[in-house]
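# Summary of structural features
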Amino acid sequence: MHIAVMAISDRNSTKLRSVAGAFVSGFKAMGHDTEIFFNADARLSLFDFVVICSEPKGIGSDIGFALPRQLSQGGSLAGKRAMAVVARSGLMPNKALQKLMALMEKEGLFIVQSQLIGSASQVLAAVHAVPLERP
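Residues numbered from 1 in each chain as written. Predicted model: local features only at pLDDT ≥ 70, side-chain atom pairs only at ≥ 80, totals over all residues. Heavy atoms only, no water.

## A word on a nonpolar patch on the surface
The grouping of Ile-59, Leu-91 and Met-92 at the surface amounts to a nonpolar patch, some 350 Å² of accessible area in total. By the secondary structure assignment, Met-92 is in the loop between strand E4 (81-87) and helix H3 (93-106). Judged by its relative accessible area of 39%, Met-92 is partly exposed. (Patch = residues over 30% accessible without salt bridge, like charges linked within 9 Å, V, L, I, M, F, W, Y side chains within 5 Å. Areas by Shrake-Rupley, 256 points an atom, 1.4 Å probe, with all protein chains shown as cover. Salt bridge = Lys/Arg side-chain N within 4 Å of Asp/Glu carboxyl O. Helix = DSSP H or I, 4+ residues; strand = E, 2+ residues; numbered from the N terminus. Buried < 20%, exposed > 50% of the residue type's maximum accessible area, 1.4 Å probe, protein only.)

Next up, the structure:
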């Protein structure tokens, strides 16, 4: 399966990059063709599955402006199966995950799983839990 992992945030911390990198490593270990993106481009429409990793902008639940702007430039994403991931930080990470999911659904992505990740070590369990194949 061809999988895209996007790591986009206004903060763009090392924690977010390590979580996204762990997703890429986990999917590659399972035998999937996986690429990481730090900026959206039209090639995203060629992938079978998209994992979008982000983090809150500050200590609240605001996702920021970078992700909505990037997703709108990601080509035709309508109907793509996707996973929403928020790197746990701030005071309201659950609300940040809800905002990320609403933003993804607005772009037409079909979210099959969502996850809060505190560290890269939690990614392996999340990778194995993702329903990549259609039921």
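Moving on, there is more to tell.
## Some remarks on the confidence of the model for the protein
This prediction gives the protein a mean pLDDT of 90; 99% of its residues lie at or above 70. At the level of individual helices and strands, the protein shows its lowest average pLDDT in helix H2 (residues 66-72), which scores 87, and its highest in strand E2 (residues 33-37), which scores 96. (pLDDT = per-residue confidence, 0-100.)

## Observations concerning the side chain of Ser-9
With respect to the element layout, Ser-9 can be found in the loop between strand E1 (2-7) and helix H1 (14-29). At 3.2 Å, the side chain of Ser-9 forms a polar contact with the backbone nitrogen of Arg-11. Polar side-chain contacts of Ser-9 include one of 3.5 Å to the backbone oxygen of Glu-55. Ignoring anything within four residues of it in the chain, the contact list for Ser-9 reads Leu-16, Ser-54, Glu-55 and Ala-66. (Polar contact = N/O pair within 3.5 Å; in protein donor to acceptor, adjacent residues only side chain to side chain. Contact = heavy atoms within 4.5 Å.)

## A short note on the nonpolar core
The biggest cluster of nonpolar side chains holds 25 residues, and the ones touching the most others in it are Met-6, Leu-44, Ile-52, Leu-67, Leu-71, Leu-100 and Met-104. Mapped onto this core, the elements with two or more residues apiece are E1, strand E3 (49-54), H2, E4, H3 and strand E5 (110-117). Element by element, the count of residues in this core is highest for H3, at five residues. Other than its neighbours up to four places away in sequence, Leu-67 contacts Ile-8, Ile-52, Ser-54, Leu-100 and Leu-103. Formed by 21 residues, the second largest nonpolar core is a distinct cluster that contains Val-19, Ala-20, Cys-53 and Val-85. (Core = buried A, V, L, I, M, F, W, Y, C linked by side-chain atoms within 4.5 Å.)

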